[in-house]
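# Architecture at a glance
Here is what each chain is made of, one letter per residue.
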Amino acid sequence: MSWGTELWDQFENLSAHTLKGIDFLEKYGHFVRDRATIECEYANKLRKLVKSYQPKKKDEEEYQYSSCRAFKLLMDEVNDLAGQHEVVAENLLANVLKELTALTKDLRDERKRQLYEGSRLTQSLQNQIDELFRSKKAYDKAFKESEKAIENFQKADADYNLSRAEVEKQRLNMSYKSQACDTAKNHYADQLQRTNELQRQHYRSGLPEVFRQLQELDEKRIKNIKNFIYSAVETEKNVFPIINKCLDGITKAADIIDEKQDTILVIERFKSGFNPPEDYPFEDLSKSNGSNPGSLQNVNSIQPRLKDGGLTVKGTFSGSKIKKRAGILNIFGSRGKLTEVCVAIKNATIADGKDDYSDLAPNQRRKKLIQKVEELQTKVTQETATRDGLMKMKGVYESNPALGDPMTVEGQLNECSHKLEKLQLDLRRYQGYLEDATKTGVQNSHSQNNSPRLVNGSRQHRNSGGSGHDEESLSRSGSDSSVANPTLNHNKPSAPGTPQLNNHGCSNSPESGLGTSRTSLPGADSDQDQYDGHPAENESEYYDVLPSLGMCKALYAFEATSEGSIPMAENEELHLIELDQGDGWTRVRRLNGHCEEGFVPTSYIETTLYNT
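What you see is a predicted model, and the numbers here were worked out from it, not measured in a lab.

### Regarding the packing of helix α5 (residues 259-270) against helix α7 (residues 362-399)
- Orientation of α5 relative to α7, taken along the N-to-C sense of each, is 95°, at an axis distance of 7 Å. Overall, the two elements α5 and α7 adopt an arrangement that is roughly perpendicular. Where α5 abuts α7, its residues Glu 268, Arg 269 and Phe 270 lie against Asn 363, Gln 364 and Lys 367.
- A breakdown of the residues in the contact of α5 with α7 according to their chemical character gives one nonpolar, two polar and three charged.

### Section: the pattern of salt bridges
- Applying the stated criterion across every chain, the model contains 30 salt bridges.
- Lys 379 serves as the salt-bridge partner of Glu 375, at 3.3 Å between the closest nitrogen and oxygen. Residue Glu 375 and its partner Lys 379 are both found in helix α7; the two are separated by four residues, about one turn of the helix.
- Overall, the relative accessible area of 35% leaves Lys 379 in the partly exposed class.
- With a shortest N-O distance of 3.5 Å, Lys 419 and Glu 383 are connected by a salt bridge. One end of the pair, Lys 419, is in helix α8 (residues 410-446); the other, Glu 383, is in helix α7, and 36 residues separate them in sequence.

### Concerning the nonpolar core
- Of all hydrophobic cores here, the largest spans 21 residues; its most connected members are Leu 25, Val 32, Leu 92, Leu 107 and Phe 228.
- Counting residues per element, the ones that place at least two in this core are α2 (11-52), α3 (66-158) and α4 (164-255).
- With nine residues, the top contributor of residues to this core is α3.
- In contact with Leu 107, not counting residues within four places along its chain, are Ile 22, Leu 25, Leu 217, Lys 220 and Arg 221.
- Within the second largest apolar cluster, 13 residues are counted, among which are Cys 552, Ala 554, Tyr 556 and Trp 585.

### Describing the pairing of strand β9 (residues 585-589)
- Within β9, five of the five residues are buried, which leaves the element mostly enclosed by the surrounding structure.
- Every second residue of β9 is oriented toward a common face, with Trp 585, Arg 587 and Arg 589 on one face and Thr 586 and Val 588 on the other, all of them buried.
- As judged from the three bridges shared by strand β8 (residues 573-578) and β9, these two strands associate in the antiparallel manner. Residue pairing across strands places Glu 578 opposite Arg 587, the latter belonging to β9.
- If you look at the hairpin formed by β8 and β9, you'll find six residues sitting between the two strands, and Gly 582 has a positive phi there, around 100°.
- One ladder, built from five bridges, connects β9 with strand β10 (residues 597-601); its direction is antiparallel. Bridge pairing in β10 places Val 588 opposite Gly 598.

Conventions we followed
- Every chain is numbered independently, its residues counted from 1 as its sequence is written.
- Per-residue local features are limited, in this predicted model, to residues with pLDDT of at least 70; the limit for side-chain atom pairs, both in listing and counting, is 80 or more; totals at the level of whole chains, interfaces and linings are taken over all residues.
- Based on all heavy atoms of the structure, the side-chain values leave hydrogens and waters out of the count.
- Note on geometry: axes are C-alpha line fits, over the in-contact stretch for helices, and angles between N-to-C directions span 0 to 180 degrees.
- For the purposes of this entry, the term helix denotes a DSSP run of H or I that reaches at least four residues, the term strand denotes a run of E that reaches at least two, and both are numbered from the N terminus.
- When an angle is under 35 degrees it counts as roughly parallel; over 145 it counts as roughly antiparallel; between 65 and 115 it counts as roughly perpendicular; any other value is oblique.
- Every residue pair with non-hydrogen atoms within 4.5 Å of one another is taken to be in contact.
- Under the convention adopted here, Pro, Cys and the residues Ala, Val, Leu, Ile, Met, Phe, Trp and Tyr are nonpolar, Asp, Glu, Lys and Arg are charged, and Gly plus all remaining residues are polar.
- The working definition used for a salt bridge is a side-chain nitrogen of Lys or Arg within 4 Å of a carboxyl oxygen of Asp or Glu.
- Note on classification: 1.4 Å probe, protein chains only; a residue is buried when its accessible area is under 20% of the maximum for its type, exposed when over 50%, partly exposed between these limits.
- The criterion is simple. A nonpolar core is a set of buried Ala, Val, Leu, Ile, Met, Phe, Trp, Tyr and Cys residues joined through side-chain atoms within 4.5 Å.
- When DSSP locates at least two bridges between a pair of strands, those strands are taken to pair.

Take it as geometry only, folks, not as evidence of what the structure does.
Here it is in structure tokens:
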């Protein structure tokens, strides 16, 4: 069926219909454009979401767990999904909207031409019809005038009173009017024939052709809407396989989550390597020696107090007296200045020793050292390859000077060799640290916790060689009187990481600035060069048994060079009886059963407190 035959009289309706159709096509184009905008905005928001949840540098260590790694893979897949939505938006704009906009413009121009042609044909037909009506009107007028002229001639011819001239006049008028009527009639007939012919052409060929063009235009519009929808769907279908791969990637990311493995990683990350403390022993005060068990022996029952989140003892208990820490820090009069010096020296010592990770727990230290060794091995391999390449290049230049000057790579080769030598030294140093840390970890894993036991109502260390009576008779050490020979350390090599003495007999150790021998102290006797393990006579009033707060282990060997300090050997274990009060010194007691206690540098020991 054709619009030209079925809708021959619906020119105005077809004009309005085609206009609405093109407007609808343009509306669909706006829909595609907005859809592409939404896809693009969605992709941008997905990328912004992924970017905002990307791990920060400080949180990178957390992403060793499988759940965190799965989340990171998920974000990568979501980022790829965003890319696919961008592809959809780009294809909609390039393949659909661009063609749709061009088609809309073409359809509007074609419709305008066809409507103009239809209007022209219609106007031509209307002009012909108007001309027909005018010719008919003229013929009608001429016919009436001719009839009237004939009637007047007949009356004049029948009237005998009129002259022959008057009758002849009426006859001539009749002839003229009859001739005019015949001319008008012929013109009307000719005009009628032409009008009918034009009307037949208008409604059978002219206007139907216009309507056919409009019909094709509308069909083209409808067909292209269908094709555009197909194209939009095909655009989305093309990205579905990649989207499915992204979703499969998210599923695979979820599959790698392993709660057991994450639990093991938590253990590896936070395990310190220390053994848990044993149970607290029962202290039977009724079996203590002495007539007044509530005086001296009650010292053992005094528990450390929690203060400011740390374990500390308020002062040093001595019978009925409380004596504050004194001795080694008051020998020069001004405690504040000396304390500042000691703290500064301690901080400098710790800062210098952090490269071996000695401030970490054993297990964590081994882990860090292993990472450092692997990193240095990789750098050594890279630098070795670089050096070999430079050496080959230099050899080629030497064998064939035309290729280049060997001296141009000499500087690079020297720099690379120096860098490689430094990396090898660092590697050997950290391998030594790792070997020491591994040995220490093995020793800690086989050792038992050295918490004090109760033997016959008194404290005794489980590994102590002394008796319970000897343990009870422990008195305050010569922390205010004992010294050691300062020359013992001058020619003795120190352990790795220990501060070295300078040419003036000073060091970066925490005891620097406190004097190097007893003879340098006010009122000291020059013949007492070394501490003998017994308390001074003027300290007899402070004989007591101080409670043990925990255990400590010597990280380095220490030679006592100041009053109140005691020497210790590397890896020696001692009782911790008083914590560092901010001056860089910790009070300890030997485990050999001898009455020997004093102060050692806090940075030289590793402490383990008993649980309270």
